[in-house]
Amino acid sequence: MLSKTQWWIIGSVGVLVFGIVTILVIKAKKTNMNTNDTDNDTDKNVDKNKNYIIGDSQSPIIDRNSKKASLINKTGSEQSLWKGSQGLSWLKSAVKNYKVSTDVNTIIINIGTNGKFNVKDDIAGLVSAIKDKFPNAKLLAVKGSWGWGGNSDITTSEVNKYYDIFKKYGVKVLDNAIGKTTNPHKNLPIYAKIGEEIDKNIT
């Protein structure tokens, strides 16, 4: 038979183990609650109506054909993050100068046309800047246009190689491109398809 001392030791160990288990369970619950609170705060912080198109002069036509996405401002400028005749370097600089906006839901990138889809563009730098300024936003990209002006000799293969780099950095590149055309500044039928695809990808 066990002595009183032995029974006391066994009882003390049992109480100690029970206490440790209780503390661990409480801590685990608190951790889960904090994680859930953070997730809920992020969801609450994002405005599902803030889906912005940024880039070059084709952006307003994309805006016209999307029900869910829009320009930050109808007037092209650095503050609007879109402007005619501009390339990726300009857009990267404009984004870096923009305020941090945690409530933006989606950013639609329309860039590359004016730089002739140069794979040496700092695409990684642009994507990084966008993620810094719009940390909760989903990133989409619209392939630009070619077959006109300085892009008359550009091939589809060159365009695809350019946007494959965006994919590498986590951007979803839409299937519909503005594509080969003699004038991308007309409201071409392809823009309706692009607008529809954008709206399907905005959640």
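Please read these numbers as outputs of a predicted model, since none were measured by experiment.

The rules behind each value
- Residues numbered from 1 in each chain as written.
- Predicted model: local features only at pLDDT ≥ 70, side-chain atom pairs only at ≥ 80, totals over all residues.
- Heavy atoms only, no water.
- pLDDT = per-residue confidence, 0-100.
- Helix = DSSP H or I, 4+ residues; strand = E, 2+ residues; numbered from the N terminus.
- Salt bridge = Lys/Arg side-chain N within 4 Å of Asp/Glu carboxyl O.
- Buried < 20%, exposed > 50% of the residue type's maximum accessible area, 1.4 Å probe, protein only.
- Pairing = 2+ DSSP bridges.
- Phe/Tyr/Trp six-rings, centres within 6.5 Å; stacked < 30°, edge-to-face > 60°.
- Axes fitted to C-alpha atoms, helices over the stretch in contact; angles between N-to-C directions.
- Parallel < 35°, antiparallel > 145°, perpendicular 65-115°, else oblique.
- Left-handed = near helix turned anticlockwise from the far one by under 90°.
- Contact = heavy atoms within 4.5 Å.
- Nonpolar A, V, L, I, M, F, W, Y, C, P; charged D, E, K, R; others polar.

Participant: Help me out: how do you make sense of the confidence of the model for the protein in this one?
Facilitator: Segments scoring low in pLDDT should not have their predicted coordinates read at a detailed level. Across the protein, the average pLDDT comes to 87, with 78% of residues at or above 70. Taken element by element, the predicted model of the protein shows its lowest mean pLDDT in helix α1 (residues 4–45) (50) and its highest in strand β3 (residues 138–141) (99).

Participant: When you look at unusual backbone geometry in this model, what are you seeing that I'm missing?
Facilitator: With the exception of glycine, most residues fall at negative phi, and the peptide bonds are largely trans. A positive phi is found at S85, a non-glycine position, where the angle reads about 65°. Here S85 shows up in the loop between α2 (59–64) and α3 (88–96).

Participant: What is the right way to read the pattern of salt bridges from this model?
Facilitator: Side chains bearing opposite charge may pair, as long as their charged atoms lie close to each other. Applying the stated criterion across every chain, the model contains 5 salt bridges. Salt-bridge contacts for D164 lead to K167; the nearest nitrogen and oxygen are separated by 3.7 Å. Placement of the pair is D164 and K167 together in helix α5 (residues 156–168), with a separation of 3 residues, close to one helical turn. Since its relative accessible area comes to 40%, D164 is described here as partly exposed. The residue E196 makes a salt bridge to K200 at a minimum N-O spacing of 3.6 Å. Remark: K200 and E196 occur in helix α6 (residues 189–201); sequence separation between them is 4 residues, near one turn of the helix.

Participant: Where do I start with the sheet that holds strand β5 (residues 172–173) in this structure?
Facilitator: Strand pairing within a sheet occurs via backbone hydrogen bonds; the two strands may be parallel or antiparallel. An order of β1-β2-β3-β5 is seen for the 4 strands of this open sheet, with the pairing classed as parallel. With one partner strand each, in any of the chains shown, β1 (47–55) and β5 form the two edges of the open sheet. Note: strand β2 (residues 104–110) against β3, 4 bridges, orientation parallel. Its bridge partner being in β3, I108 is matched across the sheet by L140.

Participant: I'm lost on the environment of K168 in this one. Help?
Facilitator: You can see K168 is positioned in helix α5. Separated by 45 residues in the primary sequence, K168 and I123 have C-alpha atoms spaced 9.8 Å apart.

Participant: How should I be thinking about the packing of aromatic side chains in this particular structure?
Facilitator: What describes a pair of aromatic rings is the distance from one ring centre to the other and the angle between the planes of the rings. Under the criterion given, the structure shown has 7 aromatic pairs. Between Y98 and F134, the ring centres sit 5.5 Å apart and the planes meet at 35°, which makes this aromatic pair tilted. In this pair, Y98 is assigned in the loop between α3 and β2 and F134 in the loop between α4 (123–133) and β3, connecting sequence segments 36 residues apart. Residues F117 and Y162 carry aromatic rings whose centres are separated by 5.8 Å and whose planes lie at 80° to one another, so their mutual orientation is edge-to-face. Taken together, the positions of F117 in the loop between β2 and α4 and Y162 in helix α5 put the pair 45 residues apart, joining distant regions of the chain. Residue classification places F117 among the buried positions, given a relative accessible area of 3%. Among the aromatic residues, those joined into a cluster by ring pairs are F117, W146, Y162, Y163 and F166.

Participant: What exactly am I supposed to notice about the packing of α4 against α5 here?
Facilitator: The relative placement of two packed helices is expressed as an angle between their axes plus a distance between the axes. For the pair α4 and α5, interaxial distance at closest approach is 9 Å and the crossing angle is 40°. Relative to α5, the element α4 is oriented oblique. Taken as a pair, α4 and α5 cross one another with a handedness that is right-handed. The segment α4 lies against α5, with I123, L126 and V127 engaging Y162, I165 and F166. Across the contact of α4 with α5, the residue classes tally to 6 nonpolar, no polar and no charged.

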